[in-house]
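Listed here are the chains, written in short residue letters.
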Amino acid sequence: MSVVVPVHGPAPFLEAALRTVAAQTHPAIEVLVVDDRAAPDLAGRVHTVLPQASVVQSRTPGLAAARNTGIAAGSGPLVAFLDSDDLWVAHKLQAQVGTFARSREIGLVCSAFLELSAGRVTALRPRRAAFREGDAVLPLMLDDIAIPSAVVCRRRVLEAAGGFPEERAYFEDFALFSTLASMTTVAFVPEPLVLYRRHDGQMTQTVERGVLEARAELTRGVLERLPAAMGNASLRRHVASHDQALAGHWHHRQGRRGRALAHAARAAALRPLAAEPYALALFSALPAVLERSVHDLVQGRGARAELSPAVRAALALDVTSPPPTADHPRLRASLHRLTPLKLRFTRPGTLWDILPRSRDLRNLRRYRRELGLWRVLHRGGYTMTSCQRGRMLNRLAADIEARGVPGVLVDCGAWNGGSTLLLSNGAPSRDAWAFDSFEGLPEPGALDGGYSAGYGGALQGSERRVREAFARFGDPRRLRVAPGWFEESFPRALPTIDQVALLHADGDWYESVLLTLETFYPRVASGGYVVIDDYGHWEGARRATDEYRARQGVDAPLRRIDPIFGQEGGMPKIKPAGVWWRKP
């Protein structure tokens with residue numbers, strides 16, 4: 001493993017970056033620090049932290065040339081890059097090398113990363129889980145999934161691509177990674193393994209017209225290389241809108257709010273239904289004190305969730321998560337008054353719940369079909385699940401049907417059968433199991449939180465209503481009803497359930513969700529899905545899910561289905577309600 005660290009100028013954060021290289025758990029690391037017009041006494045600074053590191057003089061000035069010099073000087077079959085102002089988690093290289101072991105076809109492995117600004121973690125990137133292995137060109141253009149410090153490449157693939165294009169003053173990394181994505185399979189590690197530091201001396205903080213033109217010209221070139229089926233006008237507008245919004249964000253960081261608003265308007269003209277241009281316009285129009293607070297509230301929530309104590313310890317940094325909002329009395333009072341309103345927005349059937357999300361706009365016909373089925377079941381009293389979660393159940397079931405994942409559909413906590421029917425409608429060729437006591441919820445335990453008190457016996461479903469739902473809207477021949485408490489009905493059904501393609505856990509309480517996962521997760525087929533309905537609503541459901549995943553070493557990322565708005569410490573808090581993951 002060769003680690004290339006280009007150094008340009010004073011590099012005030014160099015020692016901190018090298019200490020995270022020295023702390024790596026992966027053995028046999030060859031470290032090459034490339035001197036690209038760096039400050040004097042670079043070798044002394046490097047060898048103080050890493051005595052075994054080699055300091056190499058760049059053959060020509062420029063960041064791309066410095067990285068290429070390091071590639072040529074190294075000998076490892078894998079090459080990793082670390083900018084002198086970024087930081088690594090201790091197991092970063094080990095995690096990515098393990099990903100390469102899955103297939104010889106993988107030539108590039110990216111990881112998620114956290115943005116660090118002024119000593120605070122401000123964002124988790126990429127923000128959207130839009131990455132599919134082997135299909136990385138569009139995520140590279142639209143979601144910026146790769147930065148040099150977060151990638152590891154095979155040397156043979158790098159050499160075949162010709163390394164970083166030295167003729168480019170900007171975006172040389174994007175140019176190389178987009179080329180690699182068209183040449184080889186790209187894999188993604190969803191765990192944030194890098195802290196990407198933003199500061200005033202950073203090259204990407206400077207915005208000039210030439211930079212924006214270079215980005216636009218580069219994305220046009222990437223689009224031209226795509227297959228004809230992908231290079232349609234809609235895709236080109238999507239990418240052009242994203243580039244305009246990206247340019248607006250850069251201008252906004254420089255304090256050029258007028259230019260940022262102009263770019264937001266151009267981005268909205270290209271894609272009127274996209275949220276990114278309007279978010280940019282909102283941030284550009286807000287006063288500075290409100291802008292910082294809203295940014296922390298919206299962007300920082302994912303970063304706060306990901307900055308675990310283990311990551312802090314690995315980085316040996318005193319990095320504090322950003323506060324949910326600034327200490328501004330008027331803003332605090334305004335957000336406090338808005339919270340009940342947001343809570344009403346997230347009730348099943350309200351406008352917020354029914355409106356399509358960005359993924360729905362890709363197939364409006366499917367969205368209308370899913371919405372229509374959910375409405376019929378919700379109005380008929382067959383389901384209490386939200387529209388977003390109901391549509392996701394239907395969509396995940398359709399996906400396992402299309403991919404041929406073996407197994408049955410298991411719904412634990414079926415109530416009146418609406419969720420079971422949404423699953424069965426998506427995968428009509430499979431048996432659908434409906435587990436429920438039909439006597440209401442059991443009594444909550446000590447791990448379910450104080451607010452669960454009084455719900456024992458509530459939400460009582462009906463086996464008759466389950467069968468009625470399938471008789472009216474589904475195939476009764478595919479329905480398997482297992483009445484009784486889970487500890488009784490699960491053992492009775494297990495002999496007839498060999499594999500599970502989709503598991504829906506809606507038991508609410510800690511013991512119920514944990515028993516569901518312990519019983520059925522070992523039988524979930526590879527490529528199948530697990531959906532936890534009340535992960536964000538009930539403390540017991542969340543605790544049981546997190547404990548089971550940690551105990552079994554389940555590292556598949558949790559995907560949020562819908563948000564809920566609540567409070568924490570007297571302030572607004574946004575968190576996922578329903579979640580799902582795909583079993584590797």
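Note that this is a predicted model, so its numbers are computed, not measured.

Novice: What should I look at first to understand the pattern of salt bridges in this one?
Specialist: Pairing of side chains with opposite charge becomes possible as their charged atoms draw close. In total, this model carries 23 salt bridges according to the counting rule given. Note that Asp 533 is salt-bridged to Arg 389, the shortest N-O span being 3.3 Å. One end of the pair, Asp 533, is in the loop between β14 (524-532) and α22 (539-552); the other, Arg 389, is in helix α17 (residues 387-403), and 144 residues separate them in sequence. A single burial state applies to Asp 533 and to Arg 389, both of which are buried. In the salt-bridge network here, residues are joined through shared partners; they are Asp 360, Arg 366, Glu 370, Arg 391 and Arg 395.

Novice: Would you mind going over a nonpolar patch on the surface with me for this structure?
Specialist: A cluster of nonpolar side chains, Leu 273, Leu 361 and Leu 364, forms an exposed patch at the surface whose accessible area comes to about 290 Å². Along the polypeptide, Leu 273 turns up in the loop between α10 (257-270) and α11 (276-285).

Novice: How do you make sense of unusual backbone geometry when you look at a structure like this?
Specialist: Most peptide bonds take the trans form, and the phi angle of most residues other than glycine is negative. A positive phi angle is found at Asp 41, which is not glycine, with a value near 60°. Its location among the elements puts Asp 41 in the loop between β2 (30-38) and α2 (42-49). Notably, Asp 508 is not glycine yet its phi reads approximately 70°, a positive angle. With respect to the helices, strands and loops of the structure, Asp 508 is situated in the loop between β13 (500-505) and α21 (510-520).

Novice: Looking at this structure, I do not really get the packing of aromatic side chains. What am I missing?
Specialist: Any aromatic ring pair is given by two values, namely how distant the centres are and how the planes are angled relative to each other. A complete count under the given rule lists 13 aromatic pairs for this structure. Taken together, a centroid distance of 5.2 Å and an interplanar angle of 85° make the contact between Phe 81 and Phe 164 edge-to-face. With a gap of 83 residues between them, Phe 81 in strand β4 (residues 78-81) and Phe 164 in the loop between α6 (155-161) and α7 (172-183) connect regions that are remote in the sequence. Note on Phe 81: relative accessible area 0%, which makes it buried. Classification of Phe 164 by relative accessible area gives buried; the value is 1%.

Novice: Hey, could you run me through the nonpolar core in this one?
Specialist: As a rule of thumb, soluble globular proteins bury nonpolar side chains together. Core analysis: the biggest nonpolar cluster contains 35 residues, and Leu 396, Ile 400, Leu 409, Leu 502, Val 531 and Trp 580 have the highest contact counts within it. Elements with a contribution of two residues or more to this core: α16 (364-379), α17, α18 (418-426), β11 (432-436), α19 (463-473), β12 (479-483), β13 and β14. A total of six residues in this core trace back to one element, the largest contributor, which is α17. Setting aside anything within four residues of it in sequence, one finds Leu 396 in contact with Leu 502, Tyr 529, Val 531 and Trp 580.

Novice: Could you clarify how one ought to interpret the packing of α17 against α18 in this entry?
Specialist: Axis angle and axis distance: for two packed helices, these are the angle between their axes and the distance between the axes, and together they describe the pair. Look at α17 against α18: their axes get within 7 Å of each other, and the N-to-C directions meet at 35°. The crossing of α17 and α18 is right-handed. Every residue of α18 that contacts α17 at Gly 390, Leu 393, Asn 394, Ala 397, Ala 398 and Glu 401 is listed here: Ser 419, Leu 422, Leu 423, Asn 425 and Gly 426. The residue makeup of the contact of α17 with α18, split by class, is five nonpolar, five polar and one charged.

Novice: Any chance you could explain the pairing of strand β10 (residues 408-412) here in plain terms?
Specialist: The side chains of a regular strand alternate between the sheet's two faces. Summarising burial for β10: five of the five residues are buried, a large majority. Alternating residues of β10 divide into Val 408, Val 410 and Cys 412 and Leu 409 and Asp 411, and every residue in both groups is buried. Pairing of β10 with β13, which is carried by five bridges, proceeds in the parallel orientation. Residue pairing in the sheet places Leu 409 in a bridge with Leu 502 of β13. In terms of strand pairing, β10 meets β11 through four bridges, oriented parallel. Across the sheet, residue Asp 411 finds its bridge partner in β11, namely Ala 434. As a crossover connection, the stretch from β10 through α18 into β11 is right-handed.

Novice: Teacher, can you tell me more about the environment of Leu 393 here?
Specialist: By secondary structure assignment, the location of Leu 393 is in helix α17. Its relative accessible area of 2% is what places Leu 393 among the buried residues. When near neighbours in sequence (up to four residues on either side) are disregarded, Leu 393 contacts Ser 419, Leu 423, Leu 502, His 504 and Val 531.

Novice: What is the right way to read the confidence of the model for the chain from this model?
Specialist: Low-confidence regions, as indicated by low pLDDT, have predicted coordinates that should not be scrutinised in detail. On average, residues of the chain carry a pLDDT of 80, and 75% of them reach 70 or more. When the criterion is pLDDT under 50, residues 128-134 qualifies, and its contacts beyond four places in sequence or with other chains add up to 18 contacts. Note that residues 297-307 has pLDDT below 50 and, in this model, 34 contacts with residues that lie over four places away or in other chains.

Novice: Whenever I open this one, the side chain of Ser 512 confuses me. Can you help?
Specialist: Here Ser 512 shows up in helix α21. Judged by its relative accessible area of 11%, Ser 512 falls in the buried class. Beyond its immediate sequence surroundings of up to four residues, Ser 512 is in contact with Pro 442, Phe 486 and Gly 507.

Cut-offs and rules
Residues numbered from 1 in each chain as written. Predicted model: local features only at pLDDT ≥ 70, side-chain atom pairs only at ≥ 80, totals over all residues. Heavy atoms only, no water. Salt bridge = Lys/Arg side-chain N within 4 Å of Asp/Glu carboxyl O. Helix = DSSP H or I, 4+ residues; strand = E, 2+ residues; numbered from the N terminus. Buried < 20%, exposed > 50% of the residue type's maximum accessible area, 1.4 Å probe, protein only. Patch = residues over 30% accessible without salt bridge, like charges linked within 9 Å, V, L, I, M, F, W, Y side chains within 5 Å. Areas by Shrake-Rupley, 256 points an atom, 1.4 Å probe, with all protein chains shown as cover. Phe/Tyr/Trp six-rings, centres within 6.5 Å; stacked < 30°, edge-to-face > 60°. Core = buried A, V, L, I, M, F, W, Y, C linked by side-chain atoms within 4.5 Å. Contact = heavy atoms within 4.5 Å. Axes fitted to C-alpha atoms, helices over the stretch in contact; angles between N-to-C directions. Left-handed = near helix turned anticlockwise from the far one by under 90°. Nonpolar A, V, L, I, M, F, W, Y, C, P; charged D, E, K, R; others polar. Pairing = 2+ DSSP bridges. Right-handed = clockwise from strand over helix to strand, strands pointing away. pLDDT = per-residue confidence, 0-100.

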